[in-house]
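Chain by chain, the residues run as shown.
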Amino acid sequence: METPNTDIIEYLLPRYCSGEATVEECRQVEEWIKQSDENYRIAKQIHTLYLATDTIQVLSKVDTEKALFSVCQKMSKGSTCPKVTVVTWLQRVAAILFIPLLITFGIQNLKPRPIEIARMIEVKTNPGMTTTVHLPDGSVVHLNSESKLSYPSFFDKDKRRVTLQGEAFFEVQKDPEHGFVISTPHETKIEVLGTSFNVEAFEEDDFVSTTLIEGKVRFNYMKNRRVIAVPMKPGQKLTYDSSSSRIQLTETNGESEIAWKDGKIVFQATLLPEALRMLEKRFNVAFVLSNDYLRSEAFTGSFSHQRLERILEIFKISSNIKWRYLDTQDTMNEKTRIEIY
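Please read these numbers as outputs of a predicted model, since none were measured by experiment.

Peer 1: An account of the pairing of strand β13 (residues 246–251) is needed here, citing residue identities and associated values.
Peer 2: In this sheet, β13 lies alongside strand β12 (residues 236–241) in antiparallel orientation, the contact comprising six bridges. Bridge assignment links Tyr240 to a residue of β13, and that residue is Ile247. As consecutive antiparallel partners, β12 and β13 are separated by four residues, and within that stretch Ser245 has a phi angle of approximately 55 degrees, a positive value.

Given below as structure tokens:
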């Protein structure tokens, strides 16, 4: 059944409410009213205005002067009969003329407006680079190397939702009525109210880690088709292994995990595999650890502006490791490979 357009409805509604519409016109209006709650609300508003119009029209048909004169005759001879002034008549005329204006205003301003749809924004960082993103709610996200953040141009009325692939440090604007949700790889997500924390969640890795600096977060993951929620406290680092669905919670001051956002590398008794991973993100290289005995080596130190070669030389002096550059077939598409042995 064809739906009448807005112009026709604007013409038919007043006729419908005043009882002047034909059977076919009534059918068109009633079909339009059934389409949505918003249409019903508009029709109800217009009908209310017409009730007010009918009341004024009834009053206008009453001969007020004659009625007043009759009342005056029944009063004492000394009483003076009140007269209807010009101002009173003007007020009546203005009230009658104002009703159509209200009807026109109701039709034009109460009719449904087009719903604005948020557009998705995606921010990516190049290898070895970092960037800062300001979200629509005032939250700030520091995005690490080779990471991607997706978020809407504005948040809905329910929750503030973003998606992360990679590593980022979040400074979430507090808003208890609208929680902040970060979707991460391996069917995991992090729920926040207002806090600062670091998230590492690269799609190609088997683990997702979260380091809470202040506030409260809840880490959610799937196990046996059930959602498991793990609340965290400040000073904790959670590591989730997607291959075994296991959670590990450790204590940390967070200095090593978030130093990257300030352009630093901080090792605090950091095992060599993790230290090499941090260097890979910073310098856009790929390490090959060919000596398994070195996996248990740990390093402590802080680096700001040192070149990669200088850091590797310090490793060599402190732990007697050796390193060398490996040849690559296609230097345009592959990272520089360095062997640790």
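Peer 1: Lay out helix α2 (residues 23–34) in plain terms, naming residues and giving numbers.
Peer 2: Along its twelve residues, α2 runs 17 Å from first to last C-alpha, staying within 8% of the 16 Å computed at 1.5 Å per residue. Those residues of α2 lying buried are Glu25, Gln28, Val29, Trp32 and Ile33. Viewed along the axis of α2, the buried residues span an arc of 135 degrees, placing them on a single side of the element. When the buried face of α2 is taken as reference, the exposed residues oriented beyond 90 degrees from it are Val23 and Lys34.

Peer 1: Before we move on, could you go through helix α7 (residues 272–283) and cite the residues and values that matter?
Peer 2: The end-to-end C-alpha distance of α7, which contains twelve residues, comes to 16 Å, matching closely the 16 Å that a straight helix rising 1.5 Å per residue would cover. Among the residues making up α7, those that are buried are Leu272, Ala275, Leu276, Arg277, Met278, Leu279 and Lys281. Once α7 ends, the next one or two residues include Asn284, with phi positive near 55 degrees.

Peer 1: If you had to explain the packing of α7 against helix α8 (residues 308–319) to someone new, which residues and values would you point to?
Peer 2: Between α7 and α8, the least distance of the axes is 12 Å, while the angle of their chain directions is 170 degrees. The orientation of α7 with respect to α8, classified from their angle, is roughly antiparallel. Contacts between α7 and α8 involve Leu272, Ala275, Leu276, Leu279 and Phe283 from the first element and Leu308, Ile311, Leu312 and Phe315 from the second. Across the contact of α7 with α8, the residue classes tally to nine nonpolar, no polar and no charged.

Peer 1: For the environment of Leu271, give the residues involved together with the corresponding values.
Peer 2: Locating Leu271 in the fold gives a position in strand β14 (residues 265–271). Leu271 gets classed as partly exposed once you look at its relative accessible area, which sits at 45%. In contact with Leu271, not counting residues within four places along its chain, are Arg295, Ser296, Glu297 and Ala298.

Peer 1: Any details on the sheet that holds strand β15 (residues 285–289)? Residues and values, ideally.
Peer 2: Here we have three strands laid out as an open sheet, ordered β15-β18-β17, and mixed in their pairing. If you trace the sheet from one side to the other, it starts and ends with β15 and β17 (323–326), each paired once. Direction aside, neighbouring strands of the sheet carry axes that sit 30 degrees apart on average. Of the pairings in the sheet, the one linking β17 to strand β18 (residues 336–340) comprises four bridges and is antiparallel in character. Residue pairing for β18: Tyr325 is matched across the bridge by Ile338. On top of the sheet, α8 reaches β15, β17 and β18; it is set at about 140 degrees to β17, its chief contact.

Each value, and the rule that gives it
- Within each chain, residues carry numbers counting from 1 in the order of the written sequence.
- Local features in this predicted model are restricted to residues whose pLDDT is 70 or higher, and side-chain atom pairs enter the listing and the counts only when it is 80 or higher, whereas totals over whole chains, interfaces and linings include all residues.
- Side-chain numbers come from the whole structure's heavy atoms, not from hydrogens or water.
- At least two bridges found by DSSP between two strands are what make those strands a pair.
- Note on conventions: DSSP H or I runs of at least 4 residues are helices, E runs of at least 2 residues are strands, and numbering of each starts at the N terminus.
- Take the residue count of a helix, subtract one, and multiply by 1.5 Å to get its expected span.
- Only protein chains enter the accessibility calculation, which uses a 1.4 Å probe; a residue is then buried when its area is under 20% of its type maximum, exposed when over 50%, and partly exposed in between.
- Think of it as the arc spanned by the lines of direction from the helix axis to the C-beta atoms.
- Only C-alpha atoms enter the line fits that serve as axes; for helices the fit covers just the stretch in contact. Angles between N-to-C directions range over 0 to 180 degrees.
- Note on angle classes: values under 35 degrees are labelled roughly parallel, values over 145 roughly antiparallel, values of 65 to 115 roughly perpendicular, and the remainder oblique.
- Note on contacts: a residue pair is in contact if any heavy atoms of the two residues lie within 4.5 Å.
- Only Asp, Glu, Lys and Arg are considered charged, only Ala, Val, Leu, Ile, Met, Phe, Trp, Tyr, Cys and Pro nonpolar, and every remaining residue, Gly among them, polar.

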